[in-house]
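# What the coordinates show
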Amino acid sequence: MKPSTRNQLAHLDRAILAMLQERARLLSGEDSDNPDRLARIDDLLQRAEGPFDPGLLKEIFDAIDRGCGGSGS
Amino acid sequence: MIIRFRPGTPPARVQELREKIETSGSRTVLSPEPARPLLAVVDKLSSELREVVEACPDVESTVQPPGAWRMVDRRFRENPSTVKVGDVEIGGGKVVVCAGPCSVDPLLDEAAAMVSQAGGHLLRGGAFKPRTSPWSFQGFGVEGLRLLKDAGQKYGMPVVSEVMDAAQLPAFKDHDIDCLQIGARNMQNFTLLKAVAEAGAPVLLKRGLSATVHEWLYSAEYLAAFGCSDIILCERGIRTFENATRNTLDLTILPLLREWTHLPVMVDPSHAAGIASLIPTLSRASIAAGADGIAVEVHPDPSVARSDAEQALGSGELATIVAEARIQAAVTGRGLHT
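Residues numbered from 1 in each chain as written. Chains lettered and ligands numbered in written order. Predicted model: local features only at pLDDT ≥ 70, side-chain atom pairs only at ≥ 80, totals over all residues.

### A short note on the pairing of strand E3 (residues 38–41) of chain B
Residues and elements named next belong to chain B. The pairing of strand E1 (residues 2–5) with E3 spans three bridges and is antiparallel. What sits directly across from Ile3, in E3, is Leu39. Note: strand E2 (residues 28–30) against E3, three bridges, orientation antiparallel. Across the sheet, the residue bridging to Thr28 is Val41, located in E3. (Pairing = 2+ DSSP bridges. Helix = DSSP H or I, 4+ residues; strand = E, 2+ residues; numbered from the N terminus.)

Right, here's the structure in full:
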């Protein structure tokens, strides 16, 4: 792997981690997650473009939901 | 010169060197920094005394600020300083959004509700307005302060408002205005700076429309030297040859200010652009460049706003700005104030 790719991956990983933490912080004061969240995520994933495996994306969003205090799908 | 003592240097030994310096006729200021003693020397030292200072075993290093300011210099604190406005902390890794109408008007309650619902942290609103034309709306005055404070309390947000004259300070105190704004046109009104510094409230110091960074930091130093320890700088655009926008937002100075001063810095993209559609992009850019917060103008119905209607945002745009501020804060290693 090229050093520049490694460097970019490190920055992306830090940004992903920071945003996950920020998402959890945002929800920490709330009683419950948005009830239309599942439909919204499904809609988001259907329109997603890119090489990331769609099934894995669904799993990731489920995991994010659980990490933020939700119950997943 | 700023003298950085070694951490743990006993106060008596700091005082000993301080007295030696002051006996020579130079004034000094001791930093409130708890991590280590930091002593600012205001006046130039003789070469002999300088050698004595540098040879002192308690002195780790000496640094020369890029200007003649001392108390606002970055090296006068171990870490960047934070300022509490009500229960909102500015600086320290949390980004804040300050929003409200340019002028307090009859729709203030709706504007405050917009700010609160969008997730804003501070409510701004002008009661005394410095207008270019004497025929323009001059603000509601003291009644405006009352309306602003009431709206802030109703929606749980500390309030920020501009003070234009030292004679207005008792009204600001009576209405418990949480943060006093020094506007761009008064940045070098040194009499006002001294009076505001002595008032004891946090101060939002806007950059003068033609002020250099040096001049801006000297104004901040005035506030610090006269007793204000809670100073927030606010870049709001400077006057350049460009006239497609109201002013030119000078984001270049944000990383520079990080090197030169410990003070938190906010950005007001509304006054810089003067065009509402540009403000979301400039808000993102400001936070990406390191701003500790943004100050934007909103109005529930810009068509009836008493001033600066063309740069007022609606509720949807403000909500988007707050959401994007959260993302920008996260990717720059910070977070949005809760």
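So much for the structure itself; the text now carries on.
### Things to note about the nonpolar core
All names here are of chain B. In terms of nonpolar packing, the biggest core is built from 100 residues, with Val115, Leu205, Ala220, Leu223, Ile231 and Ile232 touching the most fellow members. Per-element tally for this core: the top contributor is helix H7 (residues 213–225), with seven residues. Both domains that furnish three or more residues to this core are identified here as domain 1 (2–64) and domain 2 (83–336). Dropping the residues within four chain positions of it, Leu205 is found in contact with Ile182, Met187, Ser219, Ala220, Leu223, Ile231, Ile232, Leu233 and Cys234. (Core = buried A, V, L, I, M, F, W, Y, C linked by C-beta atoms within 7 Å. Buried ≥ 20, exposed ≤ 12 C-beta atoms within 10 Å, placed from the backbone. Domains from an automatic or database assignment. Contact = placed C-beta atoms within 7 Å.)

### Thoughts on the interface of chain B and chain A
Residue-level contacts link seven residues of chain B with six residues of chain A. At four residues, helix H11 (residues 315–331) of chain B tops the list of elements feeding residues into the side of chain B that touches chain A. Looking at the side of chain B that touches chain A residue by residue, the classes come out as three nonpolar, three polar and one charged. (Nonpolar A, V, L, I, M, F, W, Y, C, P; charged D, E, K, R; others polar.)

### Considering the sheet that holds E1(B)
Residues and elements named next belong to chain B. The sheet built from four strands is open, its strands ordered E2-E3-E1-E4 with antiparallel pairing. Every other strand in the sheet has two partners, leaving E2 and strand E4 (59–63) as the edge strands with one partner each. Here the average twist between neighbouring strands, direction ignored, is 20°. (Axes fitted to C-alpha atoms, helices over the stretch in contact; angles between N-to-C directions.)

### Focus: the confidence of the model for chain B
For chain B, per-residue confidence averages 94 on the pLDDT scale, and 100% of positions sit at 70 or higher. The complex model carries a pTM of 0.92, and its ipTM stands at 0.83. (pLDDT = per-residue confidence, 0-100.)

### Things to note about the packing of helix H1 (residues 3–28) of chain A against H11(B)
Contact geometry for H1(A) and H11(B): axes closest at 8 Å, N-to-C directions at 130°. By the criterion of interaxial angle, the relationship of H1(A) to H11(B) is oblique. Remark: the crossing between H1(A) and H11(B) carries right-handed chirality. Note on element contacts: H11(B) touches H1(A) through B:Arg326, B:Ile327, B:Ala330 and B:Val331, opposite A:Ala15, A:Ala18, A:Met19 and A:Glu22. Residues of the contact of H1(A) with H11(B), tallied by class, amount to six nonpolar, no polar and two charged. (Parallel < 35°, antiparallel > 145°, perpendicular 65-115°, else oblique. Left-handed = near helix turned anticlockwise from the far one by under 90°.)

### Here's the deal with H11(B)
The terminal C-alpha atoms of H11(B) lie 25 Å apart, and with 17 residues this matches the ideal 24 Å at 1.5 Å per residue to within 8%. If you check which residues of H11(B) are buried, you get B:Leu318, B:Ile321, B:Val322, B:Ala325, B:Arg326, B:Gln328, B:Ala329 and B:Ala330. Residues of H11(B) that are buried make contact with H1 of chain A together with strand E7 (94–100), helix H3 (108–118), helix H10 (279–288), strand E14 (293–297) and strand E15 (335–336) of chain B. Phi for B:Gly333, located one or two positions after H11(B), is positive at around 80°. (Expected span 1.5 Å × (residues − 1).)

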